[in-house]
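# Fold and geometry: a report
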Amino acid sequence: MSGTSAYAFDNASEHAGGRFDALQTCYDPVTFARLADLGVTPGMRCLDVGGGGGSVAAWLADHVGPDGTVLVTDIEPRWLTGTQAHGTVRVVRHDITRDDLPEGDFDLIHARLVLIHLPDRLAALDRMVRALRPGGRLVLDEFDCAWVPVLTAPSPEAATLFETVHDALMDLLARAGADIRWGLRTYGALRAAGLTDVASATWAGAWPGGGAGVRLHAVNVRQVRDRLVAECGVPDADIDEFLRLLDDPAFAVNSYPLISTWGTRP
């Protein structure tokens, strides 16, 4: 992920690795299938913005082959070092909110869960659109964080506890400039940015207690625990109970819907 100094999650902390692991486990199969369907072929020039743990950049490198190139950027590139084993991958420290990109240079630009966190997301979107060559395609994977219904819980009180703590986390993100429903707005934003053939598809699934998906909730809450207590008034005991609930096989919650939206530069 990429962002500004207001970003609620610190990508330099040890929590970032756990967050990237959870995201990759849950969403890489969806992202890879979407990119494969859209067509990533040998020789393409690709950009992955806010590359996080680097798995998407590595997948792109495998598919563009030795005649293609992959540029992967992030404000904290420490987690991307492993991608450089692929000779076609170049890693750059870059802030999409401030730093320029080469214009008209890329056949495909991808970003997952980047713009959702940026207060100036439309300026960042414009920067990515201008970096596409004519006929190049932009692919954004974004969440709708407001639709995460509890599917089953050991008690009604447990379901309410999850919702309360999660709502507090979403409030923190919104205060930092995130748009937690950005996934729903991405289709319109790509059309407004001048892209053509805009389309969208959504994936969601169940996250049972103790699984990889709910681990994302645990990592996120642990990282901002002090702020949840101090700024949102969530009791420490409630956070402890929330974390225990995530390990309970009697609990399950719907995943964050991943809304993939893509369009082509005329």
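As the structure is a prediction and not an experimental result, all values here were calculated from the model.

Applying the stated rule across the entire model yields eight aromatic pairs. Ring centres of Tyr-27 and Trp-203 lie 5.7 Å apart, and the angle between their planes is 85 degrees; on these two criteria the pair is classed as edge-to-face. With Tyr-27 in helix 1 (residues 14-38) and Trp-203 in strand 7 (residues 196-203), this residue pair connects regions lying 176 residues apart in the sequence. Given the relative accessible area of 1%, Tyr-27 is considered buried. Consider the rings of Trp-207 and Tyr-256, whose centres lie 6.1 Å apart with planes at 85 degrees: the pair is edge-to-face. Of this pair, Trp-207 sits in strand 8 (residues 206-208) while Tyr-256 sits in the loop between strand 9 (252-254) and strand 10 (258-264), placing them 49 residues apart in sequence. Each of the two residues, Trp-207 as well as Tyr-256, counts as buried.

Within a sheet, adjacent strands bond to each other through the backbone by hydrogen bonds, running parallel or antiparallel. The strand order 3-2-1-4-5-10-7 describes an open sheet built from seven strands, whose pairing is mixed. Two strands lie at the open edges of the sheet, namely strand 3 (89-93) and strand 7, each paired on one side alone. For this sheet, the mean inter-axis angle between neighbouring strands, taken without regard to orientation, is 15 degrees. Taken together, the six bridges between strand 4 (residues 106-112) and strand 5 (residues 132-143) define a ladder with parallel strand orientation. Looking at the pairing, Phe-106 lines up with Leu-132 of strand 5. Packing against the sheet, helix 2 (residues 55-64) makes contact with strand 1 (45-49), strand 2 (69-74), strand 3 and strand 4, and its axis sits at approximately 170 degrees to strand 2. This element, helix 3 (residues 121-131), spans strand 1, strand 4 and strand 5 of the sheet and lies at about 145 degrees to strand 5.

In this section: helix 2. Of all ten residues in helix 2, eight are buried; the element is thus mostly enclosed. Among the residues of helix 2, those classed as buried are Ser-55, Val-56, Ala-57, Ala-58, Trp-59, Leu-60, Ala-61 and Val-64. Looking one or two residues past helix 2, Gly-65 carries a phi angle of roughly 70 degrees, positive in sign.

Here we come to the confidence of the model for the protein. In the predicted model, the protein carries a mean pLDDT of 93, and the fraction of residues at 70 or more is 93%. Predicted confidence for residues 1-5 stays below pLDDT 50, and this span has 27 contacts to residues more than four positions away or in other chains.

Right, let's get into helix 5 (residues 182-192). The complete set of buried residues in helix 5 reads Trp-182, Gly-183, Thr-186, Ala-189 and Leu-190. Along the axis of helix 5, the buried residues cluster in a sector spanning 95 degrees; they form a single face. Facing away from the buried side of helix 5 by more than 90 degrees, the exposed set consists of Arg-191 and Ala-192. The inward-facing, buried residues of helix 5 abut helix 3, strand 5, strand 7 and strand 10. Immediately downstream of helix 5, the backbone of Gly-194 shows phi near 95 degrees, a positive value.

Below, the discussion takes up unusual backbone geometry. Although it is not a glycine, Leu-113 sits at a positive phi angle of roughly 60 degrees. On the secondary structure map, Leu-113 appears in the loop between strand 4 and helix 3. Taking the relative accessible area as the measure of exposure, Leu-113 reaches 3% and is therefore buried.

Here the focus is the packing of helix 4 (residues 156-175) against helix 8 (residues 236-246). The packing of two helices is summarised by the inter-axis angle and the distance between the axes. The contact between helix 4 and helix 8 brings their axes to 10 Å, and the two run at 115 degrees. Our classification of the angle between helix 4 and helix 8 gives roughly perpendicular. You can see that helix 4 and helix 8 cross each other, and the crossing is left-handed. For the pair helix 4 and helix 8, contact is made by Ala-158, Leu-161, Phe-162 and Val-165 and by Asp-238, Glu-241, Phe-242, Leu-245 and Leu-246, respectively. Residues of the contact of helix 4 with helix 8, tallied by class, amount to seven nonpolar, no polar and two charged.

The rules behind these values
- Residues numbered from 1 in each chain as written.
- Predicted model: local features only at pLDDT ≥ 70, side-chain atom pairs only at ≥ 80, totals over all residues.
- Heavy atoms only, no water.
- Phe/Tyr/Trp six-rings, centres within 6.5 Å; stacked < 30°, edge-to-face > 60°.
- Helix = DSSP H or I, 4+ residues; strand = E, 2+ residues; numbered from the N terminus.
- Buried < 20%, exposed > 50% of the residue type's maximum accessible area, 1.4 Å probe, protein only.
- Pairing = 2+ DSSP bridges.
- Axes fitted to C-alpha atoms, helices over the stretch in contact; angles between N-to-C directions.
- Contact = heavy atoms within 4.5 Å.
- pLDDT = per-residue confidence, 0-100.
- Arc of directions from axis to C-beta.
- Parallel < 35°, antiparallel > 145°, perpendicular 65-115°, else oblique.
- Left-handed = near helix turned anticlockwise from the far one by under 90°.
- Nonpolar A, V, L, I, M, F, W, Y, C, P; charged D, E, K, R; others polar.

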